Amino acid sequence: MLDDRTRYRERRYEFGYGATMQLGCRTLVMGILNATPDSFSDGGRYQRTDAAVAHAVAMVEQGADILDIGGESTRPGAERVDQEEEVRRVVPVIAAVRRELPHVPLSIDTYKAETAKAALEAGAHVINDIWGLKGDPHMASVAAEYGCPVVISHNRHSRQYDDLVRDVISDLRDSIGLARAAGVKDENIWLDPGIGFAKSYDDNLELMGRLSDIADMGYPLLLGTSRKKFIQLTLDALPQDVVEGTAATVAVGIMQGCQIVRVHDVSAIKRTVRMVDAIQYR
């Protein structure tokens with residue numbers, strides 16, 4: 001089915017203690033673990049370390065390939081969290097999940113370099129930066145120092161675009177330049193189109209239909225649409241009631257070259273992924 005195999009270049013990552021990750025053979029599911037009091041759909045549920053570990057185990061049992069752990073909500077209007085508080089929230093959770101699930105790759109969802117460093121020391125393997133290395137001038141250097149994969153997400157302070165997709169690609173290229181200048185290897189660069197960040201409802205829909213343009217940049221593409229506002233608005237539903245909408249966006253994304261999907265509802269989306277992969281990876 002795949003007519004552009006270069007878009008699915010295989011990459012294998014060996015993180016030690018049995019934690020491995022293979023891109024290019026099937027779609028990977030990244031389960032979301034929010035160690036926050038105010039995330040838009042599950043804030044406060046997993047602040048306690050024991051609750052976070054139990055949820056991590058449940059997501060892995062449901063089919064998560066990688067877990068993304070964050071300590072600051074990225075929902076619109078959320079209060080910023082200082083680095084010390086963010087570390088206090090995420091490091092114990094990462095350490096505990098690493099002990100319980102040593103074979104599962106872990107990602108730290110942060111745009112702060114010192115938080116990323118503390119998380120990597122505690123057992124995380126991947127940096128997931130919603131500001132594409134532009135939120136902290138030291139983030140690219142941390143990624144290079146630890147030799148870890150880094151997810152470069154598209155984001156900006158303004159929703160003003162001359163040409164949405166062209167501008168998103170240009171912004172991502174700027175972030176890639178920062179990564180390379182700091183010494184991050186090309187094989188450790190992943191991209192995220194930044195659905196829901198600095199984009200209007202119509203922008204999100206347009207970008208969802210043009211994801212193949214981002215995939216054609218030649219880097220692994222992560223898609224994070226789970227329970228996002230544009231899905232809620234389309235379906236006129238609450239965040240917890242849009243799993244079908246999330247599944248639809250995941251299917252659209254995989255068919256356009258996305259190789260990792262970041263989701264809350266692991267069980268349902270894993271089934272969606274298996275079905276689409278049966279078509280896409282044959």
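Look up: the structure comes first, before these words.
Note that the coordinates shown come from a computational prediction; the quantities given were computed from them, not determined experimentally. (Residues numbered from 1 in each chain as written. Predicted model: local features only at pLDDT ≥ 70, side-chain atom pairs only at ≥ 80, totals over all residues. Heavy atoms only, no water.)

A. Highlighting the packing of aromatic side chains. For the structure shown, the criterion picks out 2 aromatic pairs. For the pair Tyr 13 and Phe 15, a centre-to-centre distance of 6.2 Å together with 10 degrees between the ring planes defines the contact as stacked. With a centroid separation of 5.8 Å and 70 degrees between ring planes, the pair formed by Tyr 13 and Trp 190 is classed as edge-to-face. One end of the pair, Tyr 13, is in strand 1 (residues 11-16); the other, Trp 190, is in strand 8 (residues 189-192), with 177 residues separating them in the sequence. Here Tyr 13 falls in the buried class, since its relative accessible area comes to 7%. What makes Trp 190 buried here is its relative accessible area of 0%. Pairwise contacts between aromatic rings join Tyr 13, Phe 15 and Trp 190 into one cluster. (Phe/Tyr/Trp six-rings, centres within 6.5 Å; stacked < 30°, edge-to-face > 60°. Helix = DSSP H or I, 4+ residues; strand = E, 2+ residues; numbered from the N terminus. Buried < 20%, exposed > 50% of the residue type's maximum accessible area, 1.4 Å probe, protein only.)

B. Examining helix 5 (residues 164-182) more closely. For helix 5, with 19 residues, the first-to-last C-alpha span of 28 Å sits near the 27 Å given by 1.5 Å per residue. Listed in full, the buried residues belonging to helix 5 are Leu 164, Val 165, Asp 167, Val 168, Ile 169, Asp 171, Leu 172, Ser 175, Ile 176 and Ala 179. Buried residues in helix 5 make contact with helix 4 (139-146), strand 7 (150-153), strand 8, helix 6 (201-208) and helix 7 (211-215). Phi turns positive, to about 105 degrees, at Gly 183, one or two residues after helix 5. (Expected span 1.5 Å × (residues − 1). Contact = heavy atoms within 4.5 Å.)

C. Geometry of the packing of helix 3 (residues 113-122) against helix 4. Contact pair helix 3 / helix 4: the axes reach a minimum separation of 8 Å and the direction vectors enclose 20 degrees. Between helix 3 and helix 4, the angle falls in the class roughly parallel. The chirality of how helix 3 crosses helix 4 is right-handed. Along the contact surface, helix 3 presents Ala 113, Ala 116, Lys 117, Leu 120 and Glu 121, while helix 4 presents Met 139, Val 142, Glu 145 and Tyr 146. In terms of residue class, the contact of helix 3 with helix 4 is made up of 6 nonpolar, no polar and 3 charged. (Axes fitted to C-alpha atoms, helices over the stretch in contact; angles between N-to-C directions. Parallel < 35°, antiparallel > 145°, perpendicular 65-115°, else oblique. Left-handed = near helix turned anticlockwise from the far one by under 90°. Nonpolar A, V, L, I, M, F, W, Y, C, P; charged D, E, K, R; others polar.)

D. Structural detail: unusual backbone geometry. Positive phi is not limited to glycine here, since Tyr 17 has a value of about 55 degrees. By the element assignment, Tyr 17 lies in the loop between strand 1 and strand 2 (19-23). Owing to a relative accessible area of 68%, Tyr 17 belongs among the exposed residues under this scheme. The backbone phi angle of Arg 227 is positive, close to 60 degrees, even though this residue is not glycine. Position of Arg 227 among the secondary structure elements: in the loop between strand 9 (222-223) and helix 8 (229-235).

E. The side chain of Ser 226, seen in detail. Considering the arrangement of structural elements, one finds Ser 226 in the loop between strand 9 and helix 8. Of the polar contacts made by the side chain of Ser 226, one reaches the side chain of His 264; its length is 2.7 Å. (Polar contact = N/O pair within 3.5 Å; in protein donor to acceptor, adjacent residues only side chain to side chain.)

F. View of helix 9 (residues 243-255). Its 13 residues give helix 9 an end-to-end C-alpha distance of 18 Å, which sits within 8% of 18 Å, the value for a rise of 1.5 Å per residue. Buried residues of helix 9: Gly 245, Thr 246, Ala 247, Thr 249, Val 250, Gly 253 and Ile 254, and no others. Of the residues flanking the end of helix 9, it is Gly 257, one or two places downstream, whose phi is positive at about 115 degrees.

G. Highlighting the environment of Asp 174. The residue Asp 174 is located in helix 5 in this model. Between the C-alpha atom of Asp 174 and that of Gly 132, which follows or precedes it by 42 residues, the distance is 9.0 Å.

H. Fine view of the nonpolar core. Leu 67, Ile 94, Val 97, Ile 127 and Leu 191 are the most contacted members of the largest nonpolar core, which totals 70 residues. Top contributing element to this core by residue count: helix 5, with 7 residues. With near-sequence residues (within four places) excluded, Leu 67 lies in contact with Gly 31, Ala 56, Met 59, Val 60, Val 97, Leu 101, Val 104, Pro 105, Leu 106 and Ser 107. Tyr 13, Leu 23, Met 30 and Ile 66 belong to the second-largest nonpolar core, a separate cluster that totals 13 residues. (Core = buried A, V, L, I, M, F, W, Y, C linked by side-chain atoms within 4.5 Å.)

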